[in-house]
Amino acid sequence: MRLEIQNISKKYDKEKYGLKDYSISIETGILGLLGPNGAGKSTLMKIIATISQPTSGSITLDGVDIAKEPNAIRKILGYLPQDFGVYPNLNAYEFLEYIAAMKGVGGSNLRPRIEALLEGVNLTEAAKKPIGTYSGGMKQRIGIAQVLLNNPKILIFDEPTVGLDPEERVRFRNLISDLANDCIVILSSHIVSDIETIADEVAIMKKGQLITKGLQEEVIDTVREKVFESIIDSGDLAAFKEKYLVVNTIRKKEQVLVRYISDSPLNAAASCTASLEDAYLCLTK
Amino acid sequence: MTSLKSIIRADYLQRTRSYAFLITLLVSVCMAYSFVPPAGASYSTLRIGNYVGENNAAWIGHSTAIMASTFLWLIGFYLVNDGIKKDKETGVGQIIATTSISNLKYLLAKTLSNFVVLLTIAVIILLMAFSLVILRGRHYQFDILQFLLPYFFATVPTIFIVSVVAVFAEVVLGRYVMLQNVAFFFLFPVIIGIQGLDSNQHPFWLDVLGTKYLSDEMAGFVSTHFHESIKTVSAGFIFSKKNSTQHFLFTGTYWSAVYILSRLLWVSVAFLLLYISSRLFNRFDVKEIVATKKKNTNAVELATNHPLKDIQVTQLPVASSAYGIWPFVKTELLMLIRTGPKWFWLINAGGFIALIFTPLTIAHQIVLPVLWFLQINRWADIATKEKYNNTHYFTYAAYKPLQRLLTSQIIAGVLLAIAFALPLILRYLINGDYGTAISIISGALCIIALSVFTGVLLGGKRFFEIAFFILTYLNVSAIPVFDYFGAFHYGITYTIIIIAISSTLLFGAFVFRSYEIRNQ
């Protein structure tokens with residue numbers, strides 16, 4: 001399975017682009033999307049999910065133009081949007097049945113599948129209560145359950161770990177890893193560690209454009225041997241930040257331990273192992 | 001003072017920067033134009049017995065001010081009764097609640113914001129009236145005071161009062177939007193009824209709209225000049241034979257101190273109502289927030305005690321493909337039925353019973369449109385709930401969302417509307433009057449088509465609510481400007497016209513939704 005995005009632009013007005021001349025090829029596996037706010041991650045995901053149409057460019061799934069034939073992807077799509085809502089007067093069963101109908105899923109196995117999913121997201125006990133009474137985390141879990149109602153082959157998760165506690169985030173990452181065996185999974189997150197742990201490939205975006213895409217190691221290579229740590233006086237921090245790209249600071253009484261990226265570090269600097277977060281911050285600075 | 005101005009400005013801009021408001025303005029322009037019928041028109045908007053004034057400044061000023069007062073009282077409430085609700089929904093209310101602004105100041109800002117919105121419409125009507133004086137009354141002397149003062153003393157206080165009433169209703173019945181709509185619906189006939197009372201027994205100052213004094217003055221003017229005792233002053237769109245109408249030159253009203261004081265009195269009453277509202281307003285419903293938190297506490301406990309498990313995707317039962325629309329229709333019906341408080345079904349049951357036992361004409365001309373109007377929030381929800389609940393990310397990415405989902409929403413709406421009308425339909429069928437039964441069904445289709453079209457086009461409920469209110473009011477008042485459910489018109493041709501209008505609206509809804517789905 002291959003999702004081919006070629007020279008896509010999404011123009012909102014004369015000056016403002018959500019995406020600009022964006023091309024990427026996505027194959028089976030997990031692609032992590034990283035980028036600051038306004039980078040165009042959600043716009044890209046909406047276009048792939050067929051709820052937004054590109055101003056120009058093409059997007060094909062195994063050769064089928066999904067901008068022209070959106071129903072080709074909708075049958076095999078699992079989409080968890082960032083700010084999705086629910087119908088508060090429906091309970092979890094009713095809501096999932098409704099979403100299943102949207103996806104074109106039914107039959108005698110639908111009810112057992114919904115029950116299994118509700119069990120999986122641990123909402124069986126609350127399943128008959130109106131969703132309007134659910135907490136944010138519970139709604140997020142309903143969102144996760146709806147993704148799996150059909151047997152999705154394209155999974156799009158926009159900031160999926162919002163509302164989940166650390167333990168749940170680990171379980172969710174495991175779930176995504178399981179799903180990725182024969183699917184395309186596109187995952188965006190502000191939490192670099194979520195992407196770092198599970199993504200096969202990483203795409204870094206900025207201002208609607210693709211900065212880089214590749215295997216994690218390839219992305220990290222851009223800052224390898226350039227990440228250092230030094231201890232400086234607190235008073236010198238502002239001047240230091242002007243000179244170097246500081247990725248982290250840890251305050252220690254009157255001094256500060258700074259982690260920074262540079263080709264010419266301070267004399268007493270300690271070299272550090274580069275991480276995806278270092279590469280991300282360097283590429284999007 | 002600066003903070004008050006800032007709140008009013010922000011609120012005003014937020015309300016007016018919408019397509020719905022633009023369309024309201026366009027409708028206002030059309031209404032204002034229709035308020036002054038051209039010479040030879042088959043209708044009049046103000047009629048003193050058989051007399052209608054020549055189109056000079058005094059007549060146009062008075063007649064349009066009377067119409068504007070009535071029109072803005074009628075639609076004004078529905079147009080502005082969501083200022084506090086919006087603050088609650090957007091969460092801005094919780095921020096406001098933590099600031100030092102007093103309840104009275106906040107509600108005054110909301111009132112003035114309502115007032116400025118309605119004043120914008122009043123000014124548009126005034127400008128249109130002025131243009132019509134220039135166009136149609138240029139042969140007469142332009143008496144600017146007699147043109148402007150009816151607006152100043154009748155329309156402006158009226159829109160201030162309705163602005164306060166809207167705030168009061170939001171404070172007292174904040175959570176019960178349906179009840180607000182219904183309460184105002186039944187308040188309007190009471191107010192209009194006061195205008196029709198005998199002036200000798202019921203003083204004009206009882207009239208909140210301030211138009212009774214004007215119409216009494218006009219009736220007095222005609223009585224004096226034509227030596228007739230005229231007591232009937234009709235306002236609205238009155239159709240009559242041209243040759244039965246006589247014309248007179250109206251020179252204006254005597255602005256008595258008592259009348260001016262009566263208007264001040266009503267404005268003072270409005271301020272008192274505002275003060276009472278500020279005492280009742282508990283800064284974004286603390287009780288409601290506590291109740292919600294209580295509910296959510298249970299939910300959070302559930303969430304904390306039962307975190308996400310490991311899901312074995314490969315072991316999930318495999319569901320088969322199903323592309324039918326009935327699961328949608330079922331859930332859409334469920335959602336429509338669950339809209340609003342449960343006790344409201346008691347009122348619906350009353351309407352249902354009335355459809356069975358009241359005389360056929362009353363059941364058709366009054367009970368049915370009122371019963372359908374009571375469901376206004378259900379109808380308004382049909383095509384707007386996705387955006388309102390933020391579920392459009394799911395619904396627009398559904399498999400064939402137009403053909404399956406939108407169609408199901410329409411079917412569910414029409415089925416429910418027909419269900420409400422079922423006793424009446426059955427009565428007609430039993431009587432063998434199949435044509436009227438079909439016209440009621442086409443009425444159900446029409447009202448759902450209107451709600452879906454306006455909902456899809458404008459993305460909100462407000463315009464539909466106002467339009468449906470006006471339609472219902474006019475039909476119940478036996479002014480069948482648009483008799484969509486065949487209460488006053490008979491014949492298959494009329495039903496076909498209604499079905500054609502409904503089909504056009506639905507076609508428009510499909511076209512706009514198709515565009516919307518692809519252009520998020």
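Draft legend 1. Region of interest: the sheet that holds strand β10 (residues 201-206) of chain A. All names here are of chain A. One open sheet holds the six strands; their spatial order is β6-β8-β9-β3-β10-β11, and the pairing between them is mixed. With one partner strand each, in any of the chains shown, β6 (77-80) and β11 (209-215) form the two edges of the open sheet. Strand-to-strand, the axes of this sheet are offset by a mean angle of 15 degrees, without reference to chain direction. With five bridges joining them, strand β8 (residues 154-158) and strand β9 (residues 184-188) adopt parallel strand pairing. Among the inter-strand pairings, Leu155 is bridged to a residue of β9, identified as Val185.

Draft legend 2. Summary view of the domain arrangement of chain A. All names here are of chain A. The domain architecture assigned to chain A consists of domain 1 (2-220) and domain 2 (227-283). A C-alpha centroid distance of 35 Å is found between domain 1 and domain 2. With 14 residues of domain 1 at the contact, the number on the domain 2 side is seven residues. Carbon and sulfur atoms make up 79% of the area that domain 1 and domain 2 hide from each other, which totals about 880 Å². Summed over the three residues of domain 1 that lose the most area to domain 2, namely Val192, Ile204 and Ile220, the buried surface amounts to 47% of that side. In this structure, the connection of domain 1 to domain 2 is made through zero salt bridges. Applying the counting criterion to the domain 1 and domain 2 interface returns two residue pairs in polar contact (both at pLDDT 80 or more).

Draft legend 3. Highlighting the domain arrangement of chain B. All names here are of chain B. If you check the domain split of chain B, you get domain 1 (2-287) and domain 2 (326-518). Counting residues at the interface gives 26 residues for domain 1, matched by 21 residues for domain 2. Note on domain 1 versus domain 2: buried area summed over both sides is about 2200 Å², and carbon and sulfur give 79% of it. The largest contributions to the domain 1 side of the interface with domain 2 come from Tyr78, Met178 and Phe185, which together make up 35% of the buried area. Seen at the junction of domain 1 and domain 2, the total is one salt bridge. For Asp82, the salt bridge goes to Arg462, with nearest N and O atoms at 4.0 Å. Inspection of the region where domain 1 meets domain 2 yields three residue pairs in polar contact (both at pLDDT 80 or more). Taken together, the elements giving at least two residues each to the side of domain 1 that touches domain 2 come down to α2 (19-35), α3 (57-80), α4 (83-90) and α8 (177-195). It is α8 that contributes the most residues to the side of domain 1 that touches domain 2, 11 residues altogether. Here the side of domain 1 that touches domain 2 is built from residues that sort into 20 nonpolar, three polar and three charged.

Draft legend 4. Representation of the packing of helix α14 (residues 360-374) of chain B against helix α18 (residues 401-430) of chain B in the model. Residue and element names in this part refer to chain B. Orientation of α14 relative to α18, taken along the N-to-C sense of each, is 175 degrees, at an axis distance of 10 Å. On the basis of their axis angle, the class for α14 and α18 is roughly antiparallel. In this structure, α14 contributes Leu360, Ala363, His364, Leu368, Leu371 and Trp372 to the contact, and α18 contributes Ala417, Phe420, Ala421, Leu424, Arg427 and Tyr428. Residues belonging to the contact of α14 with α18 are distributed by class as follows: 10 nonpolar, one polar and one charged.

Draft legend 5. Spotlight on the pattern of salt bridges. Under the criterion given, the structure shown has 28 salt bridges over all chains. Among the salt bridges present, the one from Glu27(A) reaches Arg2(A), with a minimum N-O distance of 2.3 Å. Of this pair, Glu27(A) sits in strand β2 (residues 17-27) while Arg2(A) sits in strand β1 (residues 2-11); the two residues are 25 residues apart in sequence, bridging distant segments of the chain. Residue Glu27(A) is classed as partly exposed on the basis of its relative accessible area of 44%. Across the salt bridge formed by Arg141(A) and Glu168(A), the nearest N and O atoms sit 3.3 Å from each other. Of the two residues, Arg141(A) is situated in helix α5 (residues 136-147) and Glu168(A) in helix α6 (residues 166-179); the sequence distance between them amounts to 27 residues. Take Arg141(A) and Glu168(A): they sit in the same class, and that class is buried. When salt bridges with common partners are traced through the structure, they connect Glu97(A), Arg111(A), Glu115(A) and Lys330(B) into a single cluster.

Draft legend 6. Here's a closer look at the interface of chain A and chain B. On the chain B side, the residues contacting the 67 residues of chain A number 51 residues. Each partner contributes to the roughly 5200 Å² buried at the junction of chain A and chain B, and carbon and sulfur atoms together form 59% of this total. At the boundary of chain A and chain B, one finds two salt bridges. Two residues, Glu94(A) and Arg338(B), come together in a salt bridge whose shortest N-O distance is 2.7 Å. Remark: the boundary between chain A and chain B carries 16 residue pairs in polar contact (both at pLDDT 80 or more).

Draft legend 7. Quick peek at the sheet that holds β1(A). All names here are of chain A. As summarised here, the arrangement of the four strands in space is β2-β1-β4-β5, forming an open sheet in which the pairing is antiparallel. On the outer flanks of this sheet lie β2 and β5 (64-65), each paired with one strand and no other. Bridge count between strand β4 (residues 56-61) and β5: two bridges; the pairing is antiparallel. Within the sheet, the bridge partner assigned to Thr60 lies in β5 and is Asp65. Helix α1 (residues 41-48) rests against β1, β2 and β4 of the sheet, and its axis sits at about 120 degrees to β1.

Draft legend 8. Just α14(B), in detail. Residues and elements named next belong to chain B. Taking 1.5 Å as the rise per residue, α14 with 15 residues should run 21 Å; its terminal C-alpha atoms sit 20 Å apart, in good agreement. At Val367, α14 shows its maximal bend, which comes to roughly 35 degrees, and the proline Pro369 appears one to four places after that position. Burial of α14 is extensive: 11 of the 15 residues sit out of reach of the surface. Residues of α14 that are buried include every one of Ala363, His364, Gln365, Val367, Leu368, Pro369, Val370, Leu371, Trp372, Phe373 and Leu374, and no others.

What counts, and at which threshold
- Residues numbered from 1 in each chain as written.
- Chains lettered and ligands numbered in written order.
- Predicted model: local features only at pLDDT ≥ 70, side-chain atom pairs only at ≥ 80, totals over all residues.
- Heavy atoms only, no water.
- Pairing = 2+ DSSP bridges.
- Helix = DSSP H or I, 4+ residues; strand = E, 2+ residues; numbered from the N terminus.
- Axes fitted to C-alpha atoms, helices over the stretch in contact; angles between N-to-C directions.
- Domains from an automatic or database assignment.
- Contact = heavy atoms within 4.5 Å.
- Buried area = accessible area lost by both parts, 1.4 Å probe.
- Salt bridge = Lys/Arg side-chain N within 4 Å of Asp/Glu carboxyl O.
- Polar contact = N/O pair within 3.5 Å; in protein donor to acceptor, adjacent residues only side chain to side chain.
- Nonpolar A, V, L, I, M, F, W, Y, C, P; charged D, E, K, R; others polar.
- Parallel < 35°, antiparallel > 145°, perpendicular 65-115°, else oblique.
- Buried < 20%, exposed > 50% of the residue type's maximum accessible area, 1.4 Å probe, protein only.
- Expected span 1.5 Å × (residues − 1).
- Bend = angle between axes of the 7 residues up to and from the residue.

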